[in-house]
Protein chains: 2
Amino acid sequence: MLMIDKLSSKPVYEQIIDEIEKNILLGIYPPESVLPSLRELSVTLSINPNTIQKSYTELTRRGIIKPSPGSGCYVSPNAKEMIRQNALQKLELIRTITEELQLAGISKEEILATVSAVYVHNDK
Amino acid sequence: MLMIDKLSSKPVYEQIIDEIEKNILLGIYPPESVLPSLRELSVTLSINPNTIQKSYTELTRRGIIKPSPGSGCYVSPNAKEMIRQNALQKLELIRTITEELQLAGISKEEILATVSAVYVHNDK
DNA sequence: CAAGTGTACTACTCGATATAGTGCACTTAG
DNA sequence: CTAAGTGCACTATATCGAGTAGTACACTTG
């Protein structure tokens, strides 16, 4: 089940993308399996079909899912690898923020500790 | 001189904040010194006075500058420390992105390397 | 007093987000 | 073959934040 927070500042269509990617990575949506249809998700999430379609279009552009008009949308065989490729672009964001933090006088150790803490926390 | 890119996706008022903080940290705007007036910056940067005011209001909220109606805006004595305090909140953003990267299968080492590279690069 | 300062206020444009509704071509199950 | 379901395209509308534009007021300074 996808968790969507309509009150969040994060656009709904981005939340849907994140949730679907999450389910793919967790194996809930295995490769080659069929995703919920646009209209089905629209009903269960009480979200306009066009918003769902925007999410699916973006997931298609990223090579994570493959739509088959008349049949449904299917998880790409190499979906997990494509998700990883797209995530790597976020490293650029990390780099930008790090530059700002450095300029503001934040030590490298403080940032490294923050990053490490995330992995330590979820490694148990 | 403040560098503003009106074509950037980053809001102009945020760019102004960043540039002023940068100049304060670099000592170009020393503590207790007076900043360019709203109208002066408006003319030199060809930006609406309200946009400049929005930046100054935010800088005031952060305790980085102190406005003196009728006189001008002055750099706070402890401006650098206030900038550092506000920057620390960006660590939370680092943490959020790190969690997403972890979920996408990005190794901790890749992120740590990205962060370290920024500091190495500017240490020369 | 006059000029310059920060501040407050309203009105407008613009793009992104999201909703709403309709229609079309396709695939699939009966 | 038929009907249902599918992805997809299209237009229209509403909302919100960012930014622009202009005016006015109270204050400080020379």
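Heads up: the structure comes first, above all this text.
Please read these numbers as outputs of a predicted model, since none were measured by experiment. (Residues numbered from 1 in each chain as written. Chains lettered and ligands numbered in written order. Predicted model: local features only at pLDDT ≥ 70, side-chain atom pairs only at ≥ 80, totals over all residues. Heavy atoms only, no water.)

(A) Molecular detail of the environment of Gly72 of chain A. Residue and element names in this part refer to chain A. Positionally, Gly72 belongs in strand β2 (residues 72–75). Overall, the relative accessible area of 24% leaves Gly72 in the partly exposed class. In contact with Gly72, other than residues within four places in its own chain, are Lys66 and Pro67. (Helix = DSSP H or I, 4+ residues; strand = E, 2+ residues; numbered from the N terminus. Buried < 20%, exposed > 50% of the residue type's maximum accessible area, 1.4 Å probe, protein only. Contact = heavy atoms within 4.5 Å.)

(B) A look at the interface of chain A and chain B. Counting from both sides, the interface comprises 33 residues of chain A and, opposite them, 33 residues of chain B. Across the interface of chain A and chain B, roughly 3500 Å² is buried in total on both sides, 72% from carbon and sulfur atoms. In this assembly, chain A and chain B are joined by six salt bridges. Here Lys90 of chain B and Glu100 of chain A are joined by a salt bridge, their closest N and O atoms 2.6 Å apart. Here chain A and chain B share seven residue pairs in polar contact (both at pLDDT 80 or more) between them. Listing elements by their share of the side of chain A that touches chain B, those giving two or more residues are α1 (12–25), α4 (79–88), α5 (90–103) and α6 (108–122) of chain A. Its residues assigned to classes, the side of chain A that touches chain B shows 17 nonpolar, seven polar and nine charged. (Buried area = accessible area lost by both parts, 1.4 Å probe. Salt bridge = Lys/Arg side-chain N within 4 Å of Asp/Glu carboxyl O. Polar contact = N/O pair within 3.5 Å; in protein donor to acceptor, adjacent residues only side chain to side chain. Nonpolar A, V, L, I, M, F, W, Y, C, P; charged D, E, K, R; others polar.)

(C) Local environment of the protein's contact with DNA strand C. In the vicinity of DNA strand C lie 23 residues, with Pro11, Val12, Tyr13, Asn50 and Thr51 of chain A positioned nearest. Within 4 Å of the protein, the atoms of DNA strand C are drawn from sugar and phosphate moieties in a proportion of 57%. Contact between DNA strand C and Ser37 of chain B: a phosphate oxygen at 3.1 Å from a side-chain N or O atom of the residue. At 3.0 Å, a side-chain N or O of Arg39 of chain B approaches a base oxygen of DNA strand C. Of all the secondary structure elements, the ones that give two or more residues to the surface near DNA strand C are α1 and α3 (49–61) of chain A together with α2 (38–45), α3 (49–61) and β2 (72–75) of chain B. Counting residues per element, the surface near DNA strand C draws most heavily on α3 of chain A, at three residues. The residue makeup of the surface near DNA strand C, split by class, is nine nonpolar, 11 polar and three charged. (Near = heavy atom within 4 Å.)

(D) Representation of the protein's contact with DNA strand D within the structure. In the neighbourhood of DNA strand D, 22 residues make up the surrounding shell, with Pro11, Val12, Tyr13, Asn50 and Thr51 of chain B lying closest. Backbone sugar and phosphate groups make up 57% of those atoms of DNA strand D lying within 4 Å of the protein. At a separation of 2.8 Å, a phosphate oxygen of DNA strand D approaches a polar backbone atom of Leu38 of chain A. Asn50 of chain B is positioned with one of its side-chain polar atoms (N or O) 2.5 Å from a base nitrogen of DNA strand D. Taken together, the elements giving at least two residues each to the surface near DNA strand D come down to α2 (38–44), α3 and β2 of chain A together with α1 (12–25) and α3 of chain B. The element that contributes the greatest number of residues to the surface near DNA strand D is α3 of chain B, accounting for three residues.

(E) Representation of helix α5 (residues 90–103) of chain B in the model. Residues and elements named next belong to chain B. The terminal C-alpha atoms of α5 lie 20 Å apart, and with 14 residues this matches the ideal 20 Å at 1.5 Å per residue to within 8%. Those residues of α5 that fall on the buried side of the exposure criterion are Leu91, Ile94, Ile97, Thr98, Leu101 and Gln102. Seen from one end, α5 has its buried residues packed into an arc of 140°, which puts them on one side. Two residues or fewer after α5 comes Gly105, characterised by a positive phi angle close to 90°. (Expected span 1.5 Å × (residues − 1). Arc of directions from axis to C-beta.)

(F) Spotlight on the pattern of salt bridges. Applying the stated rule across the entire model yields 18 salt bridges over all chains. Across the pair Arg95 of chain A and Glu92 of chain A runs a salt bridge whose closest N-O atoms are separated by 2.7 Å. With a gap of three residues between them, Arg95 of chain A and Glu92 of chain A both fall in helix α5, about one helical turn apart. On the basis of relative accessibility, which here comes to 43%, the residue Glu92 of chain A falls in the partly exposed class. Put simply, Glu110 of chain A and Arg84 of chain B hold a salt bridge, and the shortest N to O gap is 2.9 Å. Of the two residues, Glu110 of chain A is situated in helix α6 and Arg84 of chain B in helix α4 (residues 79–88); the pairing between them involves two chains. Residue class for Arg84 of chain B comes out partly exposed when judged on its relative accessible area of 23%.

(G) Representation of the relation of the copies chain A and chain B. For the match of chain A to chain B, the screw axis carries a shift of 0.2 Å, the RMSD comes to 0.3 Å, and the turn is 179°. The transformation just described matches what one would write down for a two-fold rotation axis. The share of interface residues of chain A whose copies in chain B are also at the interface is 100%, consistent with both copies meeting through the same surface. (Least-squares fit on C-alpha atoms with pLDDT ≥ 70 in both.)

(H) Spatial organisation of the packing of aromatic side chains. Enumeration according to the criterion identifies zero aromatic pairs over all chains in this entry. The positively charged end of Lys54 of chain A is found above the aromatic ring belonging to Tyr13 of chain A, 4.3 Å away from the centroid. (Phe/Tyr/Trp six-rings, centres within 6.5 Å; stacked < 30°, edge-to-face > 60°. Lys NZ or Arg CZ within 6 Å of the ring centre and 35° of its normal.)

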